[in-house]
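Read off the chains here:
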Amino acid sequence: LRGYYAIADVTVNAKNLVKKDYFLHNFVEATEGGPLFMVPPGEYYGKQFGYKELVEMGVIRECKTKNDLFAKLFRYLDRPVERIIKSNEEHCRKRAEHILKTRAKYLPIIESVLERMISEKKNSNCK
């Protein structure tokens, strides 16, 4: 799916047109191309890593209702192609910035945990 998302001018998460309490489905991958327009699910939307940051950066275009989603989507697409392309380039830059920050912050932590686990495994095998 990543390749399809990458060539899209926009992405719409139709699963969330009605607010429900379930976790989002792979919303970071869905932002690979143009912006993701969506109605967030109930209480869980703020609990998924990176969601709020991507909304604040404009990578995810949060909508209150399905009518709000359609209005924002049509407004976004009802522009000259050059403006959509420029907007999507900015979108991709912001998305990449978020991913790079995330990697810089969490990869050292993940590496540390893995090294500790390997060390513990080695020590337990030596006994």
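Residues numbered from 1 in each chain as written. Predicted model: local features only at pLDDT ≥ 70, side-chain atom pairs only at ≥ 80, totals over all residues. Heavy atoms only, no water.

(A) Region of the structure containing the overall build of the protein chain. Assigned secondary structure in the protein chain consists of four helices and three strands. Going from the N terminus to the C terminus, the protein chain shows its helices and strands as α-β-β-α-β-α-α. Counting every position in the protein chain, which comprises 127 residues, the buried fraction comes to 29%. A separation of at least 24 residues holds for 63% of the contacts in the protein chain among residues at least 6 apart in sequence. (Helix = DSSP H or I, 4+ residues; strand = E, 2+ residues; numbered from the N terminus. Buried < 20%, exposed > 50% of the residue type's maximum accessible area, 1.4 Å probe, protein only. Contact = heavy atoms within 4.5 Å.)

(B) Spatial organisation of the sheet that holds strand β2 (residues 36-38). Judged by pairing direction, the sheet is parallel, and its three strands sit side by side in the order β1-β2-β3 without closing on themselves. Two strands lie at the open edges of the sheet, namely β1 (11-13) and β3 (60-62), each paired on one side alone. Across the sheet, the axes of successive neighbouring strands diverge by a mean angle of 25°, strand direction being ignored. Alignment of β1 against β2, held across three bridges, turns out to be parallel. Among the inter-strand pairings, N13 is bridged to a residue of β2, identified as M38. Contacts between helix α3 (residues 66-77) and the sheet are confined to β1, β2 and β3, with β2 contributing the most and set at about 155° to the helix. (Pairing = 2+ DSSP bridges. Axes fitted to C-alpha atoms, helices over the stretch in contact; angles between N-to-C directions.)

(C) α3, seen in detail. Over its 12 residues, α3 runs 16 Å from end to end, which matches the ideal 16 Å to within 8%, given 1.5 Å per residue. For α3, the set of buried residues is L69, L73 and Y76. Take α3 and look down its axis: the buried residues cluster within an arc of 65°, on one side only. Opposite the buried face of α3, at more than 90 degrees from it, the exposed residues are N67, F74 and R75. (Expected span 1.5 Å × (residues − 1). Arc of directions from axis to C-beta.)

(D) The arrangement of the side chain of H91 in detail. Inspection of the secondary structure puts H91 in helix α4 (residues 81-126). A polar contact of 2.8 Å, which involves the side chain of H91, links it to the backbone oxygen of T31. Setting aside chain neighbours within four positions, we find H91 in contact with T31, G33, G34, P35 and V59. (Polar contact = N/O pair within 3.5 Å; in protein donor to acceptor, adjacent residues only side chain to side chain.)

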